[in-house]
There are 2 protein chains.
Amino acid sequence: MKDFILKGNICYSKNKKEINTLENSYVICVDGKSKGVFSEIPDEYKKLTLIDYEDKLIIPGMVDMHIHAPQFAFRGMCMDLELMDWLNQYTFPEEEKYEDLVYAEKAYSIFAEALKNGATTRAVIFATRHRYATEVLMDLMEKSGLITYVGKVNMDREATEALEEDSALMSAYNTFGWINDINGKYKNTKPILTPRFIPCCTDQLMEELRQIQMTYGIPVQSHLSESPGEIDFVQFLRPDNLFYGDVYDEYDMFGKNDEENTEVKTVMAHCVWSTEEEVELMRENGVFIAHCPASNMNLSSGIAPIRKYIEKNMKIGLGSDVAGGHSDSIFRAITDAIQVSKMYWRYVDMESKPITFAEAFYMATIGGGEFFGKVGSFDEGFEFDAIVLDDENLVHPQELNLEERLERAVYLGLDLNGIKAKYAGGQKMW
Amino acid sequence: MKDFILKGNICYSKNKKEINTLENSYVICVDGKSKGVFSEIPDEYKKLTLIDYEDKLIIPGMVDMHIHAPQFAFRGMCMDLELMDWLNQYTFPEEEKYEDLVYAEKAYSIFAEALKNGATTRAVIFATRHRYATEVLMDLMEKSGLITYVGKVNMDREATEALEEDSALMSAYNTFGWINDINGKYKNTKPILTPRFIPCCTDQLMEELRQIQMTYGIPVQSHLSESPGEIDFVQFLRPDNLFYGDVYDEYDMFGKNDEENTEVKTVMAHCVWSTEEEVELMRENGVFIAHCPASNMNLSSGIAPIRKYIEKNMKIGLGSDVAGGHSDSIFRAITDAIQVSKMYWRYVDMESKPITFAEAFYMATIGGGEFFGKVGSFDEGFEFDAIVLDDENLVHPQELNLEERLERAVYLGLDLNGIKAKYAGGQKMW
C-alpha cells in the first residue's frame, strides 16, 4: 500500500525555525511520496483509501543519524565512565560477542524490534567489525520495515585483541566480501563504509577503505572530535594532520573525493570539539553532523556548538548514539539537544542562543532526513515516513493547541507507548 | 497492613557512595517500619504474611523534594523561555485558574493520580496562593496514599494582579485559616510554609510568615539562587542583605530560628548560584537543598555545584520541579543529576568529579527522605516505603547482575510502566 490518505492533526517543519500545525487535515501519499497536506481532499485523489486518525497527531518519522546496534544490549548501564574507559571496559568486550552468530541474531533481534516499535523510521547504524553478524543485522533491519544504512565496522588497532581485525588487508577483504554478499539483496537496507574512528584504523586500513569507497561509491560514517582525550590521541597518532577531520579527508572520506571531484556522502558523529578549520572543511564538503547530546553528556564529552553549525547552514541531524546515549528515542534527543544548548549558552557562549523546539524538531526530521534524500517532511515530493501519536492518556485540565500537544508529546516521551501507526517510505509498518 | 515480608531482589543505598544489592532476599516491615533485609526469614517473623515478588526489584520509594502541583498541567510545554519570562507568560496565568475550585479539583486529580502511579512515595509540594484549592489538593494527596508536605503559596507582589494576594495581612490571614482548617485532618499530609520566593514577598509578608512559623513550628520551603536574573532582582529589592538566603534567614526561615535557637526545617530549591557565604549558612543551619537538574536546564538557569555540597556533607535531595522540570519522574532526576554533573565537571570545574549513580540514588532516597525522618532505606528503623519494579520487558541477550539491572531500570525510565506494587509508610498503595 503506497497510495493512501491519512487524516488527523498534522505537524511538520515549515522551515528550520517554524512548525506547521494543521488540524483535521489530509496528507496524501502516492507511490510512496507525499503529495502535500490539504484541508480538503483534491478531486484527483478522492478515490484513494482514507485512514482517519481522528484527533491523533501525524508527524514525520524520526531520523536517527547515529546508533550502535551491538551496544543496545547494555544501554543505560555503566554510565559512570568516560569515553576511552567505557570503550575498553564495556563496549569492546560486548562487541567481541558478535563473532558468535547465534548471539548476534538474539541481540540484534531485540534491537530491530525496539526500533520497529519506536518513532524512528530511518537510521544510520554501526554494527561490529564482524562481516556475517552485520549481514544478520541487515536481514533483520530489512524485515523491520525501517529504512537504514548499516555499516560493518573497520578496526585494525587499539581495541581488544579479539575485536581488532587481523590486518588492514583482512579488514578490506571482509568489507569487499560483505558488500558483494548483500549486493541487490535488500530494498530498504544499504551498506555504509564505517571506519570506527581514527584511533582504531591504521593508515593502511584507511587507504584500503578509500579504495573501496571509490569502487562502490557508498557513503561513509564515523566519529569525529567527540572528546578531548580522543582528540589528543589522534593528534599523537597523526601528528602531521592539521586536525582530526583532516585525516578522514586525506583518505577522501570526508564529504568529497578531491581527486575525482565527486561527492562522498559522509556523516560524522559528535563534532563537539571541532576546530574552526575542521568546521570550515565540513561546511565546504557538506559533511553531515550527527548531534548526539545524551551521549555527549553521559560520556562527559561536552556540548557540540550546534547554534554555530546552524548559523553556518551546515547539515545537522540528531543521533541517539546508543549506548553512549542510553535511549534510542529521538524524541528524547530533541529535548536533550535543547537542554544542552541552554547549558552551552549559559556556560560557554552567551552569543549562542539556545536551540528552539522547532529547530530541534527540524534536525530530527528533515535535517537528518536529507542524508536519505527528500525525507522528513510532508511537503510534496518527500518520501512518506510518518508516525501517528495518540496523546489521549496525557490527561489535561485546560485547552491545548496543536503546538502545545506536539511539544508535550515529545518532552514526555510519548514515543514509548503512544505510537498508534507507523509508515516508512510509503509502507505501513504496523 | 503494616506487618509483612516482601521477597525479591532488594536494592538500596548502603551509604552515600554504595548500593546494597541482595538477590532473593527478604525485607521485613513491622508496624510500618523496616526490620532490615535478610537472606533467610528470622524465626520471630516467620508468621508474617509473605509476598513473593520473585525476580522483580524491590527498591525504596523515591522522594521528590520540589514539585509544583498546579504546573503539572503544562509540563513539557513552552520550554523555550527563561525563568522570569516563563513565570510571567505561562506559570502565573495558569496558577490564577486555581481560584476556581472546580478547575482545581479537576487539575489536582490528574496530578495526584500521576504521582500515585509513579515511583514517588514522598513529596514536598507547592500549591498556589489559594487557600481552598490548597485544601482540595491536600484531600487528594491524602487519598493517594503518598506522604507529603503541601504548601499554600504566599505572594503579595511581582506577579499578575489576579495572582498576588491583596496584602501581606490577607496572605497571613489566609495562611492561618488554612493551617487551622486542616489541623488534625490528615494522617499523611502536612502543611509547609511556602513564601514563593523573595521577589514575590514583601518585607511585611516575610515578617508575618516568621510569626506563623514560630506559632506552629511548621517547616518551610522556597526557592533560592536559581537564576542570575532572579538573584540580581533580589539584590535590587533587598540591597542590605549580604546574599539571597540571608533574607530568608533574617526572617528565621532558613533552617534555624536564631532568637529562640530552634530548628526550622527548611528546604530550598535549586541553589545553583549560591555564594560561599550562602552555602556556609545553609550548611551551618542544616538547610536541605532540592536539586532540580531538569528544571535548571530547561529554564537555562545553570548547574548546581552538587559535588561541592556533597563534600561539605550538606543535606541534598532531588526535585522534579514540575513544570520547570517537564517530568515528575525522580528516576529521570537521578540520571539528569548525573548528566549535568558531568557537564559541570567539563565546563565549570574539573576538580568537581561527576556524581555517580550510587550518589544520585542516595539523594533520591535517603537524601531527600531525611526531610521526612528516617526514610529512604530498608535498614532497620526506617519507615517502609518501597516500589516493586518489573524489568522483564527490557529484554536483553546477555547475563545482567543486579547493579546493572537497577541502573538500567532507572536510566530507561522503568517507573513509567514497570512498577508492579507500591508501599508508603508501611501501607500498600496498590
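Higher on the page you've got the structure.
Report follows, based on the coordinates. One numbering rule holds for all chains: residues counted from 1, following each sequence as written. The naming scheme follows written order: chains are lettered A onward, ligands numbered 1 onward. In keeping with the predicted nature of the model, local features appear solely for residues at pLDDT of at least 70, side-chain atom pairs appear and are counted solely at 80 or more, and the whole-chain, interface and lining totals rest on all residues. Side-chain measures were taken over the full set of non-hydrogen atoms in the model, leaving aside hydrogen atoms and water.

Another point: the pairing of strand β6 (residues 120-126) of chain B. Residue and element names in this part refer to chain B. Exposure is judged per residue with a 1.4 Å probe applied to protein chains only, and the accessible area is read against the type maximum: over 50% gives exposed, under 20% gives buried, and values in between give partly exposed. Strands here mean DSSP runs of E at least two residues long; helices mean DSSP runs of H or I at least four residues long; both are numbered from the N terminus. Of all 7 residues in β6, 7 are buried, a share of seventy percent or more. A strand pair is defined by DSSP finding two or more bridges across the two strands. Note that strand β5 (residues 62-68) and β6 share 5 bridges and pair parallel. Residue Met-62 lies in a different strand from β6, and its bridge partner there is Thr-120. Pairing between β6 and strand β7 (residues 147-151): 5 bridges, direction parallel. Paired with Val-124 across the two strands is Tyr-149, which belongs to β7. Looking down the strands as they point away from the viewer, one classifies a crossover as right-handed if the path from the first strand across the helix to the second runs clockwise. For the handedness criterion, the β-α-β arrangement of β6, helix α3 (residues 131-144) and β7 is classed as right-handed.

Superposition record for chain B on chain A: RMSD 0.0 Å, screw rotation 180 degrees, translation along axis 0.0 Å. On the angle and the small slide along the axis, the relation comes out as a two-fold axis. Identified as the residue of chain B closest to the rotation axis by C-alpha distance is Tyr347(B), at 3.5 Å. Should any heavy atoms of two residues lie within 4.5 Å, those residues are counted as being in contact. When you check the interface residues of chain B against chain A, 100% turn up at the interface there too, and the contact is symmetric in its surfaces. Residues reaching a pLDDT of at least 70 in both copies supply the C-alpha atoms on which the copies are superposed by least squares.

What follows deals with the sheet that holds strand β17 (residues 386-389) of chain B. Residue and element names in this part refer to chain B. The strand order β3-β2-β1-β4-β17-β18-β19 describes an open sheet built from 7 strands, whose pairing is mixed. Each end of this open sheet is capped by a strand with a single partner; those strands are β3 (33-38) and β19 (427-428). Strand direction decides the pairing type here: strand β18 (residues 419-424) and β19, joined by 2 bridges, are antiparallel. From the neighbouring strand, Ala-424 faces β19, where its bridge partner is Gln-427. Inter-axis angles, ranging from 0 to 180 degrees, are taken between N-to-C directions of lines fitted to C-alpha atoms, where helices are fitted over the stretch in contact. The strands touched by helix α12 (residues 357-369) are β1 (4-13), β2 (19-30) and β4 (50-60); relative to β1, the strand with the most contacts, the crossing angle is about 130 degrees.

Residues and elements named next belong to chain A. Burial runs high along strand β7 (residues 147-151): 5 of the 5 residues are buried. Across the two faces of β7 the burial is the same, with Ile-147, Tyr-149 and Gly-151 and Thr-148 and Val-150 all buried. In terms of strand pairing, β7 meets strand β9 (residues 189-191) through 3 bridges, oriented parallel. Along β9, the bridge assignment pairs Val-150 with Pro-191.

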